[in-house]
Amino acid sequence: MSIYIKNAWYVAAWAKEVGRELLKRNIMGEPIVFYRKNDGTPVALTDRCAHKLLPLSMGKLVNDNLQCGYHGMEYDCSGACVRIPGQDRIPATAKVRSFPLVERYNAIWIWMGDPAMADPAKIHEIRRINEPGWTIIDGGYQLHGGDYLNIAENLQDPAHTTYVHLRTIGNPATSEVPVKVEQGADYLVTYRWSNDVPPPPIDKRNGNFQGLVDRCQYYYYFAPCVSRVDVVTMEAGQEHTEENMDKGLRLHGYKFLTPESETTTHFFWMQLRNFGIDDEKLQADQFAGLDQTFAEDNVIVTAVQREQAATGIRQQTWLSIDAGPSRVRKMLEDMAAAEQASTQ
Ligand code: FES
Ligand SMILES: [Fe+2]
């Protein structure tokens, strides 16, 4: 069974990556070439000429069409061949696949499955983006050496922070606090509140808290490909509603996982926060810190993937900390199986 869930929107690229230069990127094992038409509309075509299979990314744009770099066949943005040098007849096989795209939230989203199902309303809603009182760090990208299921597990696994991220976000004091796990039809959340605690100095400064605070980290996973870590510090004694949480210090760390292959994953990330809005130093420090943190995860996940391939087993022992990771994997595997059963 394939691990891919195709009928969903995935981040294919940051919007700023796609222009009049051809961008080549593999997604779910398929080579794809991206560009923009003269009017700015993004286009995605299979990166393989229908003649002798030369990657079309080795060709060039002729206005809105893509010309193969071998014998000059030209494709329009629907993937239809519209010109063959030296002949008028265009064979029925002279076409490549085009993929539905939507530009939203500074990203280009792609639909790899049935185009008839590609409803833009299904793109995951990014909370608080472009809203007053919030600022964004986006454009984060790393290619990770693990499949997206291993990465999804890592993102539902707060217990690793103490050991993997000792130099960045790790905090040994929280490693023994138990976590809660909740699950809906297509999401999972792992979280832990620490109530009535003194604010850490950095939160006290940023949030100007006078007394005790409640703090929480929520690890959301929205199937199949969006993770959001929600970090909240709020005045103690209030109900933990979304509205009250927004009045405290709040940060949304988003990751978008797009399988490159069965064993590698495009890892896009952005962060939204409601404090330090004009603080350029904080902005630069957070980008560097997050980039380093995710690089630390990549080292771990890449090594785990390599050992899984060498042994043919995925995991040898199950611990109580695996509740979240195991559930997210099962949710994704069940979705992939259901999709494949429905298309057979
Ligand atoms: S390989 Fe593309 S035109 Fe011949
Ligand atoms: Fe991590």
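Above this note sits the structure.
The structure reproduced in this document is the subject of the present report. Along each chain, residue indices are assigned from 1 in the same order as the chain's sequence is written. Ligands are numbered from 1 and chains lettered from A, in the order in which they are written. In keeping with the predicted nature of the model, local features appear solely for residues at pLDDT of at least 70, side-chain atom pairs appear and are counted solely at 80 or more, and the whole-chain, interface and lining totals rest on all residues. The side-chain values count all of the structure's non-hydrogen atoms but skip hydrogen atoms and water molecules.

Some words on the coordination of the iron ion (ligand 2)
Right, on to step 1. Counted as donors are N, O and S atoms no farther than 2.8 Å from the metal, or 3.2 Å for Na, K and Ca; water is not among the atoms, and sites may therefore look incomplete. Listed as protein donors to the iron ion (ligand 2) are H160 (NE2), H165 (NE2), D297 (OD) and D297 (OD); their distances from the metal cover 2.1 to 2.4 Å.
Right, on to step 2. Seen from the iron ion (ligand 2), its four donor atoms lie at angles of 57 to 147 degrees, and the figure they make is irregular.
Right, on to step 3. In terms of primary sequence, the donors binding the iron ion (ligand 2) are separated according to H-x4-H-x131-D.
Right, on to step 4. Burial classification: accessible surface area is computed with a 1.4 Å probe over protein chains only, and a residue below 20% of its type maximum counts as buried, one above 50% as exposed, and the rest as partly exposed. Relative accessible area serves as the criterion here: at 14%, H160 is assigned to the buried category.
Right, on to step 5. The class of H165 is buried, set by a relative accessible area of 1%. Here the metal geometry follows the donor angles, with tetrahedral for four donors whose angles all fall between 85 and 135 degrees, square planar for four and octahedral for six when opposite donors are more than 155 degrees apart and every other angle is between 65 and 115, and irregular for all the rest.

Overview of the nonpolar core
Right, on to step 1. One finds F34, I110, Y218, Y221, F256 and L332 to be the most contacted residues of the largest nonpolar core, which totals 69 residues.
Right, on to step 2. Put simply, DSSP H or I for four residues or longer makes a helix, DSSP E for two residues or longer makes a strand, and each gets a number counted from the N terminus. Per-element accounting of this core gives the leading share, six residues, to strand β1 (residues 9-14).
Right, on to step 3. An automatic or database domain assignment supplies the residue ranges for each domain. Split by domain, the residues of this core number at least three in each of domain 1 (9-121) and domain 2 (126-342).
Right, on to step 4. For F34, the contacting residues outside a window of four places in its chain are A12, V18, E21, L22, L23, R25, I27, V43, A44, L101 and I110.
Right, on to step 5. The nonpolar core is taken to be a set of buried Ala, Val, Leu, Ile, Met, Phe, Trp, Tyr and Cys residues, with the residues joined through side-chain atoms within 4.5 Å. With 16 residues, the next largest nonpolar core counts V43, M73, C81 and A94 among its residues. The contact criterion used throughout is that any non-hydrogen atoms of two residues lie within 4.5 Å.

Overview of the sheet that holds strand β7 (residues 74-75)
Right, on to step 1. Criterion used throughout: strands pair if DSSP finds at least two bridges between them. Read from one edge of the open sheet, four strands run β5-β6-β7-β8, paired in antiparallel fashion. A single partner strand is all that each edge strand has here, and the edge strands are β5 (60-62) and β8 (81-83).
Right, on to step 2. The pairing of β5 with strand β6 (residues 65-67) spans three bridges and is antiparallel. Each bridged residue has a counterpart across the sheet, and for V62 the counterpart in β6 is N65.

Looking at unusual backbone geometry
Right, on to step 1. Note the cis peptide between A223 and P224, where omega equals 0 degrees.
Right, on to step 2. Along the chain, the position of P224 falls in the loop between β14 (213-222) and β15 (226-235).
Right, on to step 3. Not every positive phi belongs to a glycine, and N106 is a case in point at roughly 65 degrees.
Right, on to step 4. Here N106 is to be found in the loop between β9 (101-104) and β10 (107-111).
Right, on to step 5. Residue N106 is classed as partly exposed on the basis of its relative accessible area of 35%.
Right, on to step 6. Although it is not a glycine, N208 adopts a positive phi angle of roughly 55 degrees.
Right, on to step 7. Position of N208 among the secondary structure elements: in the loop between α3 (201-207) and β14.

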